[in-house]
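# Observations on the three-dimensional arrangement
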Amino acid sequence: MSETFKKLTGFDFNKRLQSILEKLVGGRSVDVPKGFDGEGRYASGSIRVNYPGQGFIMVHCGNYFQQEFPVFYDHLQTEVNVKDQLSYFLTVNPAEIGGELTLFDLLWEGGQTKESARHDNEVFLADGTSLDTSPNSPLKRSKVKPNAGDLLIFSGGPIWHKVELVEGTQNRITIGGFLAFTEDEKTLKYWT
Ligand SMILES: O=C(O)CCC(=O)C(=O)O
Ligand SMILES: [Fe+2]
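Residues numbered from 1 in each chain as written. Chains lettered and ligands numbered in written order. Predicted model: local features only at pLDDT ≥ 70, side-chain atom pairs only at ≥ 80, totals over all residues.

### Comments concerning the overall build of the protein chain
A count of helical and extended segments in the protein chain gives four helices and 14 strands. By the compact-globule yardstick of 16 Å for 192 residues, the protein chain fits well, its C-alpha radius of gyration being 17 Å. Reported as C-alpha extents along the three principal axes, the dimensions of the protein chain are approximately 45 × 40 × 30 Å. Of all 192 residues assigned to the protein chain, the portion counted as buried reaches 27%. Here the contacts in the protein chain between residues at least 6 apart in sequence split such that 77% fall between residues at least 24 apart. (Helix = DSSP H or I, 4+ residues; strand = E, 2+ residues; numbered from the N terminus. Rg over C-alpha atoms; globule rule 2.2 N^0.38 Å. Buried ≥ 20, exposed ≤ 12 C-beta atoms within 10 Å, placed from the backbone. Contact = placed C-beta atoms within 7 Å.)

Here you go:
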């Protein structure tokens, strides 16, 4: 993504992100994990385009994905401590209406799950009961809607979250991925 993106936009996303992260981690190194079998590297970020009337991101948290996608995370786990990973994303173009990042008042615990990774509106708790995450349920939540150019870093590993349906005339465009430290905490890795 980085080379094509640089050509299309004249903006070196990787270089900029790398330098921001280096400032944040004070003296520690910042790097992208190596790929499967040590070949190549992970992509540093992915471009997400959500279209009006159809685009949203269903309720999830990073720790849930680690449980659902073990092949991917077992590999990543050899380089980074993925538990409680952070999420980052740059807002390139916000939705005109909707498209907020909703952070639920619900933290990851082992045993939580969903009907499937694609499902929205419900999280099953460790005790087998379910929690309604649909728009008008009583579950507490806060919504953030970053402006174009804002880089948001949040605790997307443990906090259940979603992206609300995009409405209006604009595509919601973000570039993002995940962040976590190596086991010795000397290096911060970012990937998607
Ligand atoms: O808006 C995005 O690009 C993704 C939001 C999200 O789920 C995350 O950053 O973990
Ligand atoms: Fe997320």
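### Here we look at the environment of proline 33
Following the sequence through the fold, proline 33 ends up in the loop between strand S1 (29-31) and strand S2 (46-50). With near-sequence residues (within four places) excluded, proline 33 lies in contact with Arg41, Tyr42, Leu76, Glu79, Val80, Lys189 and Trp191.

### Overview of helix H1 (residues 2-9)
Within H1, only zero of the eight residues are buried, which leaves it mostly out in the open. Two residues or fewer after H1 comes glycine 10, characterised by a positive phi angle close to 75°.

All quantities given are derived from atomic positions and should not be read as evidence of function.
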